[in-house]
Amino acid sequence: MALAAVASLMTTAGPAAADDICGRHVGGAILGKYIELGREGGPLRCPTTDELPTPDGQGAYQHFAGGSIYWTASTGAHPVWGAIRDSWAGQGWERGKLGYPVSDELTNPDGQGKRQQFQGGTYYWHPTKTNGAHAVGGRIGELWGQWGYERGAFGYPVTDEYNAVKVGGNLSENTGVRQRFENDRFLLWSPGQPSAFETCHNECVGYLGLTNEPWVVQTEVYMSLTSDKRSVHVTPTDAAFEDADDDLQENWRQVWANTPSLRNTNQREINSVSKQLYCHAAFAFPKPGGGHFGGPTWDLEAWRADIPWDSAEALRTQCNW
């Protein structure tokens, strides 16, 4: 009965005609899309199954030698093939977090990469940059879009999202989500935790660049989604504790060597953050039990006041120790 109901829906969702192709029955909206793609002479080639209802009862699908076509009344019929299909299948097909396809595969503006939109995000693939197809969605997808998608500062995704520790804070209990993009850059999301950086006491997003400069290992930037707070968190090398206060301009360059600087930043914020950086480099003295005052990262909070350079003790308060 369920199959009959789906078949009935299919006849009203697309062409009423049906056809026997390569020994298989193809009909309805799936046939319409199959014809649009060139039938058995197109990329899908011959069908390898008959049309079947999807396990959730919401749609129908049919497999072909070159891919599949999936249909629901709300999304229409769309082909899925290649690396995007492989990744989507690995995440549970339409029952996974991506849901059904809502577009055909499209070519990106660079003429080489591909993308395909699903209910829960968009898959991206490039022949040399992505190491397979990876979906981008949710808060990370929103942030990536603000930076220009694959044409922006982060380029293509090179992994799926994955759960990680030390997101939004320095502790292992500060859990969140990371996704890696080109050039050792990551986008980050944290649900918010009291033990995290102040910016991430509530839900926040951010990004990280692996810098590997003489004074800087990596730079993280976080933005609160419930306030206007933004912060920068620099992981210094051992050499930075000795030498980074000798040349603030060079230290500043290394901080941003592989991390996009804060967007829409005013001069007061730049002044404050740069002085906090100097403060950490100058006053992060060794602790008797090991490590340095100020902790493992140099935390630069953009909302702090811009303290005059001629007040060393006032500058030191910028570190908030």
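**Student:** I'd like a description of the sheet that holds strand E10 (residues 134-136), backed by residues and values.
**Tutor:** With antiparallel pairing, the four strands of this open sheet are ordered in space as E7-E8-E9-E10. Each edge of the open sheet carries a strand with a single partner, namely strand E7 (106-107) and E10. Both strand E9 (residues 121-125) and E10 contribute to a ladder of three bridges, which runs antiparallel. Following the sheet pairing, Thr-122 is matched in E10 by Val-136. Against the sheet, helix H3 (residues 82-90) makes contact with strand E8 (114-118) and E9, and its axis sits at roughly 130 degrees relative to E9, the strand it touches most.

**Student:** Before we move on, could you go through the state of the cysteines and cite the residues and values that matter?
**Tutor:** In the structure shown here, the tally under the stated rule is two disulfides. Between the sulfur of Cys-22 and that of Cys-46 lies a disulfide, 2.0 Å long from S to S. Between Cys-22 and Cys-46, the S-S torsion sits near -45 degrees, and that sign places the bridge as left-handed. Highlighted residues: Cys-22 in the loop between strand E1 (18-21) and strand E2 (24-27) and Cys-46 in the loop between helix H2 (28-36) and strand E3 (52-53), separated in sequence by 24 residues. Since its relative accessible area comes to 43%, Cys-22 is described here as partly exposed.

**Student:** Provide a residue-level description of the pattern of salt bridges, including the pertinent values.
**Tutor:** For side chains bearing opposite charge, pairing can occur when the charged atoms are close. Per the stated rule, a full pass over the model turns up 15 salt bridges. One salt bridge connects Asp-306 with Lys-275, and the closest N-O pair in it is separated by 2.7 Å. Linking Asp-306 in the loop between strand E17 (298-301) and helix H8 (312-317) with Lys-275 in helix H7 (residues 267-283), this pair joins segments that are 31 residues apart in sequence. For Lys-275, a relative accessible area of 7% gives the class buried.

**Student:** Could you give an account of unusual backbone geometry, with specific residues and numbers?
**Tutor:** The phi torsion of most residues other than glycine is negative, and most of the peptide bonds are trans. In this model, Cys-22 sits at a positive phi of 55 degrees, which is unusual for a non-glycine residue. In this model, Asn-183 sits at a positive phi of 60 degrees, which is unusual for a non-glycine residue. You can see Asn-183 is positioned in the loop between strand E12 (176-181) and strand E13 (185-190).

**Student:** Residue-level account of the sheet that holds strand E4 (residues 59-64), with values.
**Tutor:** Read across the open sheet, the four strands follow the order E3-E4-E5-E6; overall the sheet is antiparallel. Only two strands of the sheet have a single neighbouring strand rather than two, namely E3 and strand E6 (76-80). Here E3 runs beside E4; their pairing, made up of two bridges, is antiparallel. Of the residues in E4, the one forming a bridge with Leu-52 is Tyr-61.

**Student:** Residue-level account of the environment of Gln-117, with values.
**Tutor:** The residue Gln-117 is located in strand E8 in this model. What makes Gln-117 partly exposed here is its relative accessible area of 43%. It is 17 Å that separates the C-alpha atoms of Gln-117 and Gly-90, two residues lying 27 residues apart in sequence. Each residue touching Gln-117, except ones within four places of it in the same chain, is listed here: Pro-101, Val-102, Ser-103 and Thr-122.

About the thresholds
Residues numbered from 1 in each chain as written. Predicted model: local features only at pLDDT ≥ 70, side-chain atom pairs only at ≥ 80, totals over all residues. Heavy atoms only, no water. Pairing = 2+ DSSP bridges. Helix = DSSP H or I, 4+ residues; strand = E, 2+ residues; numbered from the N terminus. Contact = heavy atoms within 4.5 Å. Axes fitted to C-alpha atoms, helices over the stretch in contact; angles between N-to-C directions. Disulfide = S-S within 2.5 Å. Buried < 20%, exposed > 50% of the residue type's maximum accessible area, 1.4 Å probe, protein only. Salt bridge = Lys/Arg side-chain N within 4 Å of Asp/Glu carboxyl O.

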